[in-house]
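Breakdown of the fold
Chain residues, written in single-letter form:
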Amino acid sequence: MLDVAIVGYAQSPSWRNAELTEPQFLFPVISEAIERAGIERRDIGFTCAGSCDYLSGQTFAFVSNLEAVGAWPPISESHVEMDGAWALYEAWVRLQHGDIDLALAFGSGKSSPGRLDEVFSLQLDPYTLTPLGADPVSLAALQARAMLDKGTITERDMAEIAARSRQSAADNPHAQIRSSPDADALLQEPYLTAPLRRHDLPPVSDGACAVVLATADRARATCERPAWIRGIDHRVEPHQPGMRDLTESISTRQAAKHAGVDDAPVDVAELCATFTHQERLLREAMGLDDTVRVNPSGGPLAANPVMAVGLARIAEAARAISEGGAGRAVAHATSGQCLQQNLVCVLEGA
Amino acid sequence: MECVLLRPVPEPPRTTHTIEFPYTRTLGPVIGPFLTGLRDQRILGARTPNGGVLVPPLEWDPATGEAIEPDLVEVGPGGTVETWAWVTQPSRKHPLDHPFAFALIRLDGASTGLLHAVDAGSMDQMRTGMRVTARWKDERIGHMTDVVFVPEAAA
């Protein structure tokens, strides 16, 4: 495997309802990532985007996002109908060919215009799940109940995860929710979809994230402290929620093992725990103990720009290394309902 | 300087588009019989090579990815709630228009949980491990919502 590092990254703010179009708020994010990488736009050998046309309700909506990249003269580019973290994975694979030395990955989405419960129901089995209107919150609530019944989490633990995450976001300029009442106060709130309360859910967010990748020589030449990708892997579990153990995340455990998470101690973990109880699941699946700082950015409970939120975990983990002095960081991204598919990326400063 | 004349704009024209997919399709050897079974008040599962029964039935084994020869067996109509979520405010896409539970239901004879709705009346009627049974619609069309589940005590 060729050594590849993250040499530049940028995020937009996370908006509850962005007035700008997706290409409009992508443009400054991509420009900033390129500028921070200290490279020229024309030097990028491959570009990969992650977005979801279902969010905007238009087929080929992703094509207009290329306005923010600049596609003339013609560029080599690709798109995944997934979180930008999977766009980064494709860019990393592309760099393994060895014929180019720079790649750009980005993810973007506007969650605010549509009915998210109905939009995300469409990603499910069209014969047995979508006709029931099965929505992400109800499915996550089934998972939380299974964990509560098993005794692996309590409602207080969940409230504490929410409070800690949102308070951690106080210094994160990209976050949307940057404060929280304490767990006692949160537990006074009524159930939304029991056993989940409002604080167990992420905010509805619009936003974008971009990351620049470089091969070894180029990374050393352009970046003072690159964040080296030492392992990256993604795994998927059965689609039907009743055909896997919802109280474990086997695919995360497999991805973490193949990415080499437990080869050395971890300083920081940025986990795509979109619902409070999932943080506990992910920690256990990756074997992260209490010495690991989890989601110092606040994570998805503080800002959830769908299709960018996973890539933002990788960008935050890279930032912890390049600017925060961390030696080793783990980033996680997820796709599908109840953590069906999981990507794990291990970053190191040396 | 260019002069722009502002005039009242007439009512914009309106056009109605009806989008259709004017074709029929078959749902295949597994989902087809499963949905037809619902029309006929029968719930079918697929027997896997290792002796499990998948509900809903699949054409492949999720544990191994191997193709399964369709071997459909009837399960239910009773079953046990494995986990549940109480939906306080149903959406227009949900199968019931009043508060209900989504649940994973292990139907009698099945080895997996089926996602479906339980019409329990109120949240305090729900608990993990409770018994539920199928309640069929009078008019069935071979669709997931031909059935909902109710507490066995209320059936």
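Just so it is clear, the model here is predicted, and its values are computed rather than measured. (Residues numbered from 1 in each chain as written. Chains lettered and ligands numbered in written order. Predicted model: local features only at pLDDT ≥ 70, side-chain atom pairs only at ≥ 80, totals over all residues. Heavy atoms only, no water.)

What follows is about the interface of chain B and chain A. Residue-level contacts link 34 residues of chain B with 29 residues of chain A. Taking both sides of the interface into account, the surface hidden between chain B and chain A amounts to around 2500 Å²; carbon and sulfur atoms contribute 67%. Here Glu118 of chain A ties to Arg92 of chain B by a salt bridge, and the two come within 2.8 Å at their closest N and O atoms. Between chain B and chain A we count 10 residue pairs in polar contact (both at pLDDT 80 or more) in total. At 6 residues, strand β4 (residues 78-87) of chain B tops the list of elements feeding residues into the side of chain B that touches chain A. Across the side of chain B that touches chain A, the residue classes tally to 20 nonpolar, 10 polar and 4 charged. For strand β5 (residues 191-194) of chain A and β4 of chain B, the ladder comprises 2 bridges, and the chain directions are antiparallel. (Contact = heavy atoms within 4.5 Å. Buried area = accessible area lost by both parts, 1.4 Å probe. Salt bridge = Lys/Arg side-chain N within 4 Å of Asp/Glu carboxyl O. Polar contact = N/O pair within 3.5 Å; in protein donor to acceptor, adjacent residues only side chain to side chain. Helix = DSSP H or I, 4+ residues; strand = E, 2+ residues; numbered from the N terminus. Nonpolar A, V, L, I, M, F, W, Y, C, P; charged D, E, K, R; others polar. Pairing = 2+ DSSP bridges.)

This part covers the domain arrangement of chain A. Residues and elements named next belong to chain A. Split into domains, chain A comes out as domain 1 (4-115 + 204-227) and domain 2 (116-202 + 228-348). When each unit is reduced to the centre of its C-alpha atoms, the spacing between domain 1 and domain 2 is 22 Å. At the junction of domain 1 with domain 2, the criterion picks out 2 salt bridges. If you list the elements that add at least two residues to the side of domain 1 that touches domain 2, you get β1 (4-11), α2 (53-56), α4 (84-95), β4 (102-110), β7 (206-215) and α9 (216-222). Of the residues assigned to the side of domain 1 that touches domain 2, the class counts are 27 nonpolar, 13 polar and 8 charged. (Domains from an automatic or database assignment.)

With that settled, consider the state of the cysteines. All names here are of chain A. Under the defined criterion, the tally for this structure stands at 0 disulfides over all chains. No disulfide involves Cys338; its sulfur sits 14 Å from that of Cys272, the nearest cysteine. Here Cys345 is not cross-linked by a disulfide; its sulfur's nearest cysteine counterpart is in Cys209, at 12 Å. When its relative accessible area of 0% is taken as the criterion, Cys345 is described as buried. (Disulfide = S-S within 2.5 Å. Buried < 20%, exposed > 50% of the residue type's maximum accessible area, 1.4 Å probe, protein only.)

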